[in-house]
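Notes for the structure review
Take a look at the letters that make up each chain.
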Amino acid sequence: MAERNILAYFNTVEQAEVIANRIKDLGITDVQIDRIHKFSEGTADHLMNPLTGQIGSLADLTLGSGGGDAGPLMAADTSASGMSDGGGTAASGRDILLAAIVDESQFEQLRQEIRAQDGLI
């Protein structure tokens with residue numbers, strides 16, 4: 001039995017859950033839904049205070065993040081300048097990821113159902 005991987009991106013968890021339930025109805029248990037982010041979600045290593053000027057970077061001040069290793073990448077993003085409402089989500093706005101392993105014979109039908117839920121595969 002040949003298998004195919006599905007990585008589908010959605011705008012809402014509810015859209016992804018419709019497809020996850022459909023996949024589970026087919027008897028497939030290898031299904032996972034996660035929220036993705038374009039930057040790492042590390043913790044802040046220090047406290048910042050804009051009044052005293054003790055901020056690590058522009059990303060710390062504008063994006064409210066500790067930055068860490070992703071700090072330079074975050075500061076280069078358009079949302080750090082205040083000229084964008086990027087919101088920290090994936091570029092397409094689809095920040096919900098559904099991952100599944102399905103039988104190849106079920107792939108095309110599931111692909112059509114994902115598109116019907118406004119998903120991107």
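The preceding data block contains the structure.
Described in the following lines is the structure provided in the data block. Source: prediction; values computed, not measured.

What follows covers the environment of Gly 93. Relative to the helices and strands, Gly 93 is located in the loop between helix H3 (71–76) and strand E3 (96–103). Note: C-alpha distance between Gly 93 and Thr 12 (81 residues apart in sequence) is 9.6 Å. Ignoring sequence-local partners within four residues, the contact set of Gly 93 consists of Phe 10 and Asn 11.

On to helix H1 (residues 13–25), then. With 13 residues, H1 ought to run about 18 Å at 1.5 Å a step, and its terminal C-alpha atoms sit 18 Å apart, in line with that. Along H1, the residues that are buried comprise Gln 15, Ala 16, Ile 19, Ala 20 and Ile 23. Seen along its axis, H1 keeps its buried residues to an arc of 135 degrees; they face one direction. Across H1 from its buried face, at more than 90 degrees, point the exposed residues Glu 14 and Asp 25. Residues of H1 that are buried sit in contact with strand E1 (3–10), strand E2 (31–35), E3 and helix H4 (104–116). Just downstream of H1 lies Gly 27, where phi reads positive at about 90 degrees.

Here the focus is the sheet that holds E3. Spatially, three strands are ordered E1-E3-E2 in an open sheet, and the strand pairing comes out antiparallel. Each edge of the open sheet carries a strand with a single partner, namely E1 and E2. Averaged over all neighbouring strand pairs, the angle between strand axes comes to 15 degrees, with direction disregarded. Pairing analysis gives eight bridges linking E1 to E3, with the strands arranged antiparallel. Pairing of Arg 4 across the sheet is with Val 102, part of E3. Docked against the sheet, H1 engages E1, E2 and E3, running at close to 10 degrees with respect to E3.

Let us look at the nonpolar core. Of all hydrophobic cores here, the largest spans 16 residues; its most connected members are Ile 6, Phe 10, Ile 23, Val 31, Leu 98 and Val 102. Only E1, H1, E3 and H4 provide two or more residues apiece to this core. In contact with Val 102, other than residues within four places in its own chain, are Ala 2, Glu 3, Arg 4, Ile 6, Ile 23, Ile 28, Phe 107 and Leu 110.

Cut-offs applied
- Residues numbered from 1 in each chain as written.
- Predicted model: local features only at pLDDT ≥ 70, side-chain atom pairs only at ≥ 80, totals over all residues.
- Heavy atoms only, no water.
- Helix = DSSP H or I, 4+ residues; strand = E, 2+ residues; numbered from the N terminus.
- Contact = heavy atoms within 4.5 Å.
- Expected span 1.5 Å × (residues − 1).
- Buried < 20%, exposed > 50% of the residue type's maximum accessible area, 1.4 Å probe, protein only.
- Arc of directions from axis to C-beta.
- Pairing = 2+ DSSP bridges.
- Axes fitted to C-alpha atoms, helices over the stretch in contact; angles between N-to-C directions.
- Core = buried A, V, L, I, M, F, W, Y, C linked by side-chain atoms within 4.5 Å.

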